[in-house]
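Structural overview
If you want the building blocks of each chain, they are given just below.
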Amino acid sequence: MYREYVQSDANWSDAISRLGRDDPWHKKHGFAFAPLCVPLEVFQMDLHTMLKFVPHAILDQDCMGVSHGILNFPPIAALVRRYAHVIFALTSVGASMGGFGALLHGGDLAGSILAFSPQANLLEASLRPTAASPEALRQMSENMFASIRAASKRGARVEVHCAADEHFLHAMSMPLEHVSLVVHTLLPRKPFARLLDKAQQLLPIFGDAVYRLLRDQPAPAMIRVGCWQRGGDLKRYVAEKGQLLSLLFGPASAELPRPADWFCGTCFRRNMTSHFLCWNCKDGGEFTSPITQAGAARIPDGSCYPRAGDWGCRRCGTAMCAYQWNCTGCGVSKWNPDRALVVT
Ligand SMILES: [Zn+2]
Ligand SMILES: [Zn+2]
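The rules behind the values
- For every chain, the first residue of its written sequence is number 1, and the numbers climb from 1 along that sequence.
- Written order decides the labels, with chains lettered from A and ligands numbered from 1.
- Thresholds applied to this predicted model are a pLDDT of at least 70 for local features of residues and 80 or more for the giving and counting of side-chain atom pairs; totals over whole chains, interfaces and linings are not thresholded and use all residues.
- Working from all heavy atoms in the structure, the side-chain values ignore hydrogens and water.
- Here a strand is any run of E in DSSP of at least two residues, a helix any run of H or I of at least four, and the numbering for each starts at the N terminus.
- Only protein chains enter the accessibility calculation, which uses a 1.4 Å probe. A residue is then buried if its area is under 20% of the maximum for its type, exposed if over 50%, and partly exposed in between.
- Contacts: residue pairs with any heavy atoms within 4.5 Å of one another.
- Residue exposure ignores everything except the shown protein chains as possible cover, and the areas themselves are Shrake-Rupley values with a 1.4 Å probe.
- One less than the number of residues in a helix, times 1.5 Å, gives the span that helix is expected to have.
- Taken from the helix axis, the directions to the C-beta atoms give the arc we talk about.
- Strands are treated as partners if at least two bridges between them are detected by DSSP.
- Within this scheme, the nonpolar core is defined by two criteria: the residues are buried Ala, Val, Leu, Ile, Met, Phe, Trp, Tyr or Cys, and they are joined through side-chain atoms within 4.5 Å.
- Because no water is among the atoms considered, metal sites can look incomplete, with donors defined as N, O and S atoms within 2.8 Å of the metal, or 3.2 Å for Na, K and Ca.
- Geometry assignment treats four donors as tetrahedral when all angles are between 85 and 135 degrees, treats four as square planar and six as octahedral when opposite donors are over 155 degrees apart and all others between 65 and 115, and treats everything else as irregular.
- Salt bridges, as used here, are contacts in which a Lys or Arg side-chain nitrogen is within 4 Å of a carboxyl oxygen on Asp or Glu.

Let us look at the overall build of the protein chain. Across its full length, the protein chain holds 10 helices and 14 strands. Going through the 344 residues of the protein chain one by one, you find that 39% of them count as buried. Within the protein chain, residue pairs in contact and separated by at least 24 positions form 53% of the contacts whose partners lie at least 6 positions apart. Of the roughly 19300 Å² that the protein chain leaves accessible, carbon and sulfur atoms contribute 56%.

Given below as structure tokens:
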């Protein structure tokens, strides 16, 4: 567990939260101050109405007869006016059932919808909202598909990212002629958006969506395979639906990696995280191609294995951590330079 203690005096918001505009600290440091009035009615609305209403509530001082103090504060007003379309365009971002919500509610509002591994065919989804009947679930899915069509008709970008797991099949059930779909060829262990974040892919995808929105570049409705590059770049290769199905699930399909799996720099075979040396590359009873070799590529998972001190057993190939002194696979000592390969 990580815990951080911040002294009251070191916390900018501390005094102002108690003293309000009388706080001497913010005056002394030249901070401007403006009260913000949010009408309570907003919180009683359903989500869809709220999303439609809030942009106007912020932009229109006389809306519902409430004077919004925030607009009397010129920098904020200018900022909100300038970026309102971006702010509300990006309201429609979500993952999993949040992605379903982004697609469902973004249809006639958002300039850009970004959904990560959303459920789509709720009848088949293992995680789904409660509903009175199967028909109600089917109707929810239909409503989401209608929202995608509406967004596309307005020229809004609808971009969906998914991995090659259950969510790929959900994506296949969407009206793909209106969707820019990027399929990432791996099987994530953890929530996909979190994995993208750990792999430094999430922010570039997000930034790309914002950039295209601001430049008014429509999303091409096509299916593409996302190929991760070092440093967070993402190459996208156009694919037909049939090609993709055969690539991922056909008889000649490659075994898809999971996060922390790695590919050998010599034979390019996939290795699981438990291997430090490639299971396929052997010479005279000893494994020869380690994860540290130039050309080996590891699927990011947020951890930094191997670090200095971590090691692998040449005799059985097992991956070991710095604190382990004997191979858990065969007993070889970390201090045996002929058998142990230690990261320096
Ligand atoms: Zn190999
Ligand atoms: Zn061993």
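Let's shift gears to helix α6 (residues 134-154). Along its 21 residues, α6 runs 31 Å from first to last C-alpha, staying within 8% of the 30 Å computed at 1.5 Å per residue. Turning to α6, its buried residues are Leu137, Ser141, Met144, Phe145, Ser147, Ile148 and Ala151. Buried residues in α6, looked at end-on, bunch into an arc of 150°, giving them a common side. Buried positions along α6 lie against α5 (97-106), β2 (112-116) and β3 (157-163). Immediately beyond the C-terminal end of α6, within one or two residues, lies glycine 155, with a positive phi of roughly 90°.

Bringing the sheet that holds strand β13 (residues 319-320) into the picture now. Pairing is antiparallel in the open sheet, where three strands are placed in the order β13-β12-β14. Two strands lie at the open edges of the sheet, namely β13 and β14 (340-342), each paired on one side alone. In this structure, strand β12 (residues 311-313) lies alongside β13, joined through two bridges in antiparallel fashion. Considered in β13, the bridge of tryptophan 311 is made with methionine 320.

With that settled, the discussion passes to the nonpolar core. Core analysis: the largest hydrophobic core is formed by 33 residues, its most contacted members being Leu103, Met144, Met174, Leu181 and Val183. For this core, the leading source of residues is α6, giving five residues. Contact partners of methionine 144, with chain neighbours within four places excluded, come to Phe100, Leu103, Leu104, Gln119, Ala120 and Met174. Judged by nonpolar contacts, the second largest core, of 15 residues, contains Leu114, Val182, Phe192 and Leu196.

Moving on to the coordination of the zinc ion (ligand 2). Around the zinc ion (ligand 2), the donor atoms from the protein are Cys313 (SG), Cys316 (SG), Cys327 (SG) and Cys330 (SG), and they sit 2.2 to 2.3 Å away. Taken together, the four donor atoms coordinating the zinc ion (ligand 2) and their angles of 97 to 121° define a geometry best described as tetrahedral. Donor residues for the zinc ion (ligand 2), ordered by position in the chain, follow C-x2-C-x10-C-x2-C.

What follows covers the coordination of the zinc ion (ligand 1). Binding of the zinc ion (ligand 1) to the protein goes through Cys264 (SG), Cys267 (SG), Cys278 (SG) and Cys281 (SG), at separations of 2.3 Å. Bound by four donor atoms, the zinc ion (ligand 1) shows angles of 104 to 119° at the metal and therefore tetrahedral coordination geometry. Within one chain, the residues serving as donors to the zinc ion (ligand 1) are arranged as C-x2-C-x10-C-x2-C. Of this pair, cysteine 264 sits in the loop between β7 (262-263) and β8 (270-271) while cysteine 278 sits in the loop between β8 and β9 (282-283); the two residues are 14 residues apart in sequence, bridging distant segments of the chain. Of the two residues examined, cysteine 264 and cysteine 278, each falls in the buried class.

What follows covers the pattern of salt bridges. This structure, assessed with the given rule, holds eight salt bridges. Aspartate 208 serves as the salt-bridge partner of arginine 212, at 3.0 Å between the closest nitrogen and oxygen. Highlighted residues: arginine 212 and aspartate 208, both in helix α9 (residues 202-214), separated by four residues, approximately one helical turn. On the accessibility criterion, arginine 212 (27% relative accessible area) is partly exposed. For aspartate 261, the salt bridge identified is with arginine 270, shortest N-O distance 2.5 Å. Arginine 270 matches aspartate 261 in its accessibility class, with the two residues each being buried. The structure contains a network of salt bridges with shared partners spanning Arg157, Glu159, Asp208, Arg212 and Arg236.

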